[in-house]
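Summary of the model geometry
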Amino acid sequence: YDNDFIDPQLILARNFSNVTLLAQQTILAWADETATLGPWSVTNKTIVPPSGDKHDYMSWAPYFWPDCSKVGNTTALTPEEIWTTCPYVDRDGQFNPDVRTSGLNDIGNFGDLSDAVLYNSLAWAINGSSVYSANVARFIDTWFINPDTGMNPNLNYAQMERGPTGQIGTHTGLLDLKSVAKIVPSVLILRDGKAPEWTAALDAGFVNWTNSYLPWLQTAKIAVEEEDSLNNHGSFYFNQLASLQILVGNMSGANQTIQKYFTGIYKGQIATNGDQPFESVRTHPYHYRAYNLAAMITNGRIAEFLAYDAWNLTTKSGATIKDACDFAMAQAPGSEPPDEIYALVNAIGSIYGDPNGTYAKWLFSHSGNYSSDASFLWNQPFADLVTVNTTSSNSTGSSNNKQNGASLGADISMALWAAGSLTSATVMALSLFKFL
């Protein structure tokens, strides 16, 4: 998921409907899978930042490519010479693979970290195993707190453009840490749930790191430039700042931050028809619409956590976040991955309601087995058309039989959910029934 902010109290209440059993199984599986990849540290990279300190986070701007045509070299340049000698030019939407394959992957590692923290916190809430809470504690300690492996509290070298003048971070690099919005509620689950493995010392260490980072996030030149960005970059900036303010207990500051977003750049982000003009002009509009939609929903969820109702706030064109989703889901993805929007459609249906089954039917027709996705756990209630499915590479029968079986299975599961009687046995039965 591009981003999310899950209400910790929703998870700690553990009032999970049986219709989310497959989603719970997915969360446990993903928690186990992601945990095998960690822990992660900024000190693992083999390329040293310009500061000479591996504790500084570092990444390269993904769409910048070298142009060595006028360098005047007479022999082939080494990669290191290219990175510092050749001017770099922006090719929007064209990902430079060496951003992740040259011994430098702080950005990918942080993404893996945030997912592992999210799923292991949720897994702890689901079954109470200390294995999961201990994983979270170890991952947070390694990345943020431990003096041998911890990250310095700045993004001075994030998304460097490279070349002779690009050996410093840019405002777009603030995007690299957007998913702290996933990490904060995950930590709150352990903190408020009193997981023994999340110790007072760890909590204090993470809060201290954050209190050191927040002044940089609010005053550094590139941070201020990112805050002023009108598109998804600005939206994700507010995700990051507000969630970290919540972590350190600055609720009034978080409220001011999230209200600044909804009374500021949000006002220009959605057109009357629901399109997002700053995203639709990009080279991959289907992706960027979903990307900013995720950021807007995350800001809406942070606002809801702070008792500030933003869901029906309109842009200057009179549109809401729901309108942005309605427009985005009506667009053809073309060659872009279609599934980036699935969790967002589920979220909108759970937030605004789905009395006609519009969102559920759309998900069913595009995804089929969406109830097994992890986000189905917290994007509830979503009961207008519940489908409980599994995939089977060995399924047989005509496509019509499969379609009819799936439709009937959906109707049965919807009725059982409404009656509050969808048991695990029923889940298994419906899963098998779909493929008859």
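Residues numbered from 1 in each chain as written. Predicted model: local features only at pLDDT ≥ 70, side-chain atom pairs only at ≥ 80, totals over all residues. Heavy atoms only, no water.

What follows concerns the overall build of the protein chain. Across its full length, the protein chain holds 18 helices and 4 strands. Each of the 436 residues in the protein chain was classed as buried or not, and the buried ones make up 54%. A fraction of 74% describes how many contacts in the protein chain between residues 6 or more apart in sequence connect residues 24 or more apart. Within the structure as shown, the protein chain displays about 17,700 Å² of accessible surface, and the carbon and sulfur contribution to it stands at 54%. (Helix = DSSP H or I, 4+ residues; strand = E, 2+ residues; numbered from the N terminus. Buried < 20%, exposed > 50% of the residue type's maximum accessible area, 1.4 Å probe, protein only. Contact = heavy atoms within 4.5 Å. Areas by Shrake-Rupley, 256 points an atom, 1.4 Å probe, with all protein chains shown as cover.)

Now for the side chain of arginine 162. Considering the arrangement of structural elements, one finds arginine 162 in the loop between β4 (157–160) and α7 (180–192). At a separation of 3.0 Å, a polar atom in the side chain of arginine 162 contacts the side chain of aspartate 98. Among residues more than four places away in sequence, those in contact with arginine 162 are Trp60, Phe64, Trp83, Tyr88, Asn96, Asp98, Val99 and Gln167. (Polar contact = N/O pair within 3.5 Å; in protein donor to acceptor, adjacent residues only side chain to side chain.)

The α-helix advances 3.6 residues per turn, and as a result positions three or four apart in sequence lie on the same side. Here helix α8 (residues 200–219) contains 20 residues, and its C-alpha end-to-end distance of 29 Å stays within 8% of the 28 Å for a straight helix at 1.5 Å per residue. Within α8 the residues assigned to the buried category are Leu202, Asp203, Gly205, Phe206, Val207, Trp209, Thr210, Tyr213, Leu214, Trp216 and Leu217. For α8, the secondary structure elements touched by its buried residues are α6 (130–145), α7, α9 (221–227) and α10 (232–247). (Expected span 1.5 Å × (residues − 1).)

Such a bond, covalent and formed between the sulfur atoms of two cysteines, is termed a disulfide. Going through the model one piece at a time under the given rule, you end up with 1 disulfide. With a sulfur-sulfur separation of 2.0 Å, cysteine 68 is cross-linked through a disulfide to cysteine 86. With the S-S bond torsion at 110°, the cross-link from cysteine 68 to cysteine 86 turns out right-handed. Residue cysteine 68 is found in the loop between β2 (64–66) and α3 (79–85), and its partner cysteine 86 is found in the loop between α3 and β3 (88–90); the two are separated by 18 residues along the sequence. (Disulfide = S-S within 2.5 Å.)

Our next topic: the confidence of the model for the protein chain. Of the residues in the protein chain, 88% have a pLDDT of 70 or more, and the chain-wide mean is 89. Counted against residues more than four places away or in other chains, residues 384–436, with its pLDDT under 50, gives 80 contacts. (pLDDT = per-residue confidence, 0-100.)

A few words now on the packing of aromatic side chains. A complete count under the given rule lists 24 aromatic pairs for this structure. Between phenylalanine 5 and phenylalanine 305 the ring centres are 5.5 Å apart and the planes differ by 65°, which places this aromatic pair in the edge-to-face class. Here phenylalanine 305 lies in helix α13 (residues 285–305) and phenylalanine 5 lies in the segment before α1 (8–12), a separation of 300 residues in the sequence. Arranged with centres 5.9 Å apart and planes meeting at 75°, the rings of tyrosine 342 and tryptophan 362 form a pair that is edge-to-face. Here the residue tyrosine 342 occupies a position in helix α15 (residues 342–352), and tryptophan 362 occupies one in helix α16 (residues 358–366), the gap between them amounting to 20 residues. The burial state of tyrosine 342 is the same as that of tryptophan 362; both residues are buried. Grouping aromatic residues by their ring pairs yields a cluster made of Phe110, Trp143, Phe144, Phe206, Trp209, Tyr213 and Trp216. Of note, arginine 14 hangs over the ring of tryptophan 124, and the distance from its end group to the ring centre comes to 5.3 Å. Directly above the ring of tryptophan 60 sits arginine 162, whose terminal nitrogen or CZ lies 3.9 Å from the centroid. (Phe/Tyr/Trp six-rings, centres within 6.5 Å; stacked < 30°, edge-to-face > 60°. Lys NZ or Arg CZ within 6 Å of the ring centre and 35° of its normal.)

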